[in-house]
Amino acid sequence: MSDMRHDVQNTFEELFGRRADGVWSAPGRVNLIGEHTDYNQGFVLPFAINRRTLVALGARTDRVARVASEFADEVVEIDLADLAPDNLHGWAAYPLGVAWALGQFGADLAAVPGFDIYIDSTVPVGAGLSSSAAIESAVAVALNEVWRLDLAPRTLATVGQRAENVAVGAPTGIMDQSASLLGRRDSGVFLDCRSLEAEIIPLGLEAAGLEILVIDTGVSHTHATGGYAERRASCEAGASALGVESLRDVTVDDLDRARNVLDDETFRRVRHVVTENQRVLDTARTLREHGPTAIGELLDASHRSMRDDFEISVPELDLAVETAQTNGAIGARMTGGGFGGAAIALVPSELSSRLRVAIDGAFSEHGYSLPDTFTVTAADGAFRELGL
Ligand code: ADP
Ligand code: MG
């Protein structure tokens with residue numbers, strides 16, 4: 001990482017002909033538990049990971065904003081006066097959308113200076129590790145400091161979400177940005193998606209001799225296609241049939257009544273969300289009281305619920321999870337929105353390489369392309385790496 005900070009600074013200098021004011025970074029995230037609970041105003045428990053997006057930023061003396069990225073072959077330029085969701089397109093809608101959204105949260109876009117930005121990243125794009133939140137959060141902390149806005153990290157999370165919802169047009173919740181901004185080393189971010197209260201929960205993985213493996217199946221998922229929207233609609237239909245504002249207001253004890261009111265499919269969708277909320281609460285409590293070795297069954301139960309009740313798993317994810325479970329993992333589950341993407345496995349460090357071999361073996365036996373499997377650690381949220 002230390003080399004990359006200077007690389008980013010040097011590339012900024014080559015591109016823009018002067019030194020950046022500073023370099024800021026923000027991490028991607030993995031969701032430990034709490035899937036499809038965020039838009040039901042429930043609970044999630046993600047953590048920031050040791051893969052980061054770096055942003056070198058220099059203020060300008062005029063009102064022009066320019067953004068460049070290692071991942072793009074164009075420098076996108078816009079006058080701050082033209083910053084509006086309709087004028088932002090493609091990848092540049094993420095960083096420039098954040099600049100626009102800061103205007104919605106108190107920045108005086110008629111008075112702040114323009115800026116140049118260069119971006120590089122070790123967060124894989126589109127692998128379900130939220131490179132989108134990483135780029136948003138890194139730009140948000142950079143502009144927050146250079147524009148002297150003094151906005152709290154929690155507000156910056158909402159800024160990133162606003163940018164993604166409105167400027168990019170992706171209807172995502174607040175989880176990813178919260179993890180990327182509030183994360184702490186070796187800790188999870190327990191988030192109440194109704195109150196937006198966040199609590200840092202120590203994971204204690206290293207001390208317990210455990211690792212989290214990400215098994216990226218490479219099966220692509222797009223939130224735009226039917227499944228995600230259908231699940232959201234089922235949750236809304238379930239809440240409305242049960243006479244509550246959101247499924248957050250339904251508890252495990254209410255499920256018997258719900259079974260009589262709802263059709264079988266809607267009932268199973270509701271049961272996933274309600275039991276998943278309880279599992280997030282149980283995971284947070286278990287981590288505090290007994291440490292990470294004790295959360296395996298909660299991860300396993302979460303996977304079963306997504307596979308059987310919410311029906312968002314795919315055979316590759318089930319195979320990754322089952323292979324992990326039978327080869328030494330303490331617990332495993334698919335993570336993310338479903339229909340593809342990655343699974344995570346909580347595994348004793350000394351068994352992790354054996355597990356990788358077993359997973360590759362199982363995938364090739366089934367004729368699936370080999371997954372990308374790697375360890376993640378829980379890292380600090382966004383901060384300034386260099387300068388000013
Ligand atoms: P995920 O968040 O799971 O990685 P998304 O589809 O939500 O996937 O976001 C990926 C998009 O975010 C990319 O297609 C690109 O437009 C933008 N993006 C992410 N990281 C970068 C980066 N380092 N440089 C430029 N654009 C990026
Ligand atoms: Mg994303």
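Residues numbered from 1 in each chain as written. Chains lettered and ligands numbered in written order. Predicted model: local features only at pLDDT ≥ 70, side-chain atom pairs only at ≥ 80, totals over all residues. Heavy atoms only, no water.

**Student:** Would you mind going over the packing of helix α9 (residues 296-309) against helix α10 (residues 315-325) with me for this structure?
**Tutor:** Two numbers describe a pair of packed helices, the interaxial angle and the distance between the axes. In contact at an axis separation of 12 Å, α9 and α10 are set at 155 degrees when each is read in the N-to-C sense. Of the possible angle classes, the one that applies to α9 and α10 is roughly antiparallel. Our pair here, α9 against α10, has a crossing hand that is left-handed. Of α10, the residues touching α9 (which contributes Asp300, His303 and Arg307) are Leu317, Asp318, Val321, Glu322 and Gln325. Class assignment of the residues belonging to the contact of α9 with α10 gives a composition of two nonpolar, two polar and four charged. (Axes fitted to C-alpha atoms, helices over the stretch in contact; angles between N-to-C directions. Helix = DSSP H or I, 4+ residues; strand = E, 2+ residues; numbered from the N terminus. Parallel < 35°, antiparallel > 145°, perpendicular 65-115°, else oblique. Left-handed = near helix turned anticlockwise from the far one by under 90°. Contact = heavy atoms within 4.5 Å. Nonpolar A, V, L, I, M, F, W, Y, C, P; charged D, E, K, R; others polar.)

**Student:** What's the story with the nonpolar core in this structure? I'm lost.
**Tutor:** Grouped burial of nonpolar side chains is what soluble globular proteins tend to show. By size, the foremost hydrophobic cluster in this structure holds 48 residues, and its most contacted members are Leu57, Leu83, Leu96, Leu102, Phe115 and Trp147. If one sorts the elements of this core by residue count, helix α3 (residues 131-146) sits on top with eight residues. What Leu57 contacts, discounting residues up to four positions off in sequence, is Phe12, Ala20, Asp21, Gly22, Trp24, Phe115, Asp116, Ile117, Ala142, Leu143 and Val146. Within the second largest apolar cluster, 35 residues are counted, among which are Leu247, Val274, Leu319 and Ala329. (Core = buried A, V, L, I, M, F, W, Y, C linked by side-chain atoms within 4.5 Å. Buried < 20%, exposed > 50% of the residue type's maximum accessible area, 1.4 Å probe, protein only.)

**Student:** Can you help me understand the site of ligand 1 in this one?
**Tutor:** Lining the immediate surroundings of ligand 1 are 14 residues, of which Ser69, Gly126, Ser130, Ser131 and Ser132 lie closest. At a separation of 2.9 Å, an oxygen atom of ligand 1 approaches a polar side-chain atom of Ser132. Taking 560 Å² as the accessible area of ligand 1 by itself, protein coverage stands at 78%. Per-class residue counts for the shell around ligand 1 are seven nonpolar, seven polar and no charged. (Near = heavy atom within 4 Å. Polar contact = N/O pair within 3.5 Å; in protein donor to acceptor, adjacent residues only side chain to side chain. Areas by Shrake-Rupley, 256 points an atom, 1.4 Å probe, with all protein chains shown as cover.)

**Student:** Please explain the side chain of Asn327 as it appears in this structure.
**Tutor:** For Asn327, the location among the structural elements is in the loop between α10 and β9 (331-335). The buried category is assigned to Asn327, whose relative accessible area is 19%. For Asn327, the side chain forms a polar contact with the main-chain oxygen of Thr323, separated by 2.8 Å. Not counting residues within four places of it along the chain, the set of residues in contact with Asn327 comprises Arg354, Leu355 and Ala358.

**Student:** Honestly, the domain arrangement of the chain in this entry has me stumped. Any pointers?
**Tutor:** Each assigned domain of the chain is listed with its residue range as follows: domain 1 (2-201) and domain 2 (204-376). Between the C-alpha centres of domain 1 and domain 2 the distance comes to 27 Å. Listed by partner, the interface residues are 31 residues for domain 1 and 44 residues for domain 2. Each partner contributes to the roughly 3100 Å² buried at the junction of domain 1 and domain 2, and carbon and sulfur atoms together form 59% of this total. By the criterion of area lost to domain 2, the three top residues of domain 1 are Ile33, Glu35 and His36, representing 21% of everything that side buries. Inspection of the region where domain 1 meets domain 2 yields six salt bridges. (Domains from an automatic or database assignment. Buried area = accessible area lost by both parts, 1.4 Å probe. Salt bridge = Lys/Arg side-chain N within 4 Å of Asp/Glu carboxyl O.)

**Student:** What is the right way to look at the pairing of strand β6 (residues 187-192) in this model?
**Tutor:** Working note: regular strand, side chains alternate between the two faces of the sheet. The buried count for β6 comes to six of six residues, which makes it a mostly enclosed element. The side-chain alternation of β6 yields two buried faces, one formed by Ser187, Val189 and Leu191 and the other by Gly188, Phe190 and Asp192. As defined by bridge partners, strand β2 (residues 43-59) adjoins β6 across two bridges and the pair is classed as antiparallel. Residue pairing in the sheet places Phe43 in a bridge with Asp192 of β6. When β6 meets strand β7 (residues 198-202), the two strands line up antiparallel, connected through five bridges. Note that in β7 the partner of Phe190 across the bridge is Glu199. Linking β6 back to β7 in an antiparallel pair, the connection comprises five residues, with Leu196 at a positive phi of about 65 degrees. (Pairing = 2+ DSSP bridges.)

**Student:** Could you clarify how one ought to interpret the packing of aromatic side chains in this entry?
**Tutor:** Two descriptors summarise a pair of aromatic rings, namely the distance from one centre to the other and the angle between the planes of the rings. Going through the model one piece at a time under the given rule, you end up with five aromatic pairs. Centre to centre, the rings of Phe43 and Phe190 are 5.6 Å apart; their planes meet at 15 degrees, and the pair counts as stacked. With Phe43 in strand β2 and Phe190 in strand β6, the pair connects residues that are 147 residues apart, well separated along the chain. The positively charged end of Arg51 is found above the aromatic ring belonging to Phe374, 4.5 Å away from the centroid. (Phe/Tyr/Trp six-rings, centres within 6.5 Å; stacked < 30°, edge-to-face > 60°. Lys NZ or Arg CZ within 6 Å of the ring centre and 35° of its normal.)

**Student:** When you look at the sheet that holds strand β11 (residues 372-376) in this model, what are you seeing that I'm missing?
**Tutor:** What holds strands together in a sheet is hydrogen bonding between their backbones, with the strands either parallel or antiparallel. Across the sheet, which stays open at both edges, the four strands sit in the order β9-β10-β8-β11 with antiparallel pairing between neighbours. Looking along the sheet, the strands with just one partner apiece sit at the ends: β9 and β11. Geometrically, the sheet is characterised by an average inter-axis angle of 25 degrees between neighbouring strands, direction not taken into account. Taken together, the five bridges between β9 and strand β10 (residues 342-348) define a ladder with antiparallel strand orientation. The partner of Thr335 across the bridge, within β10, is Ala342.

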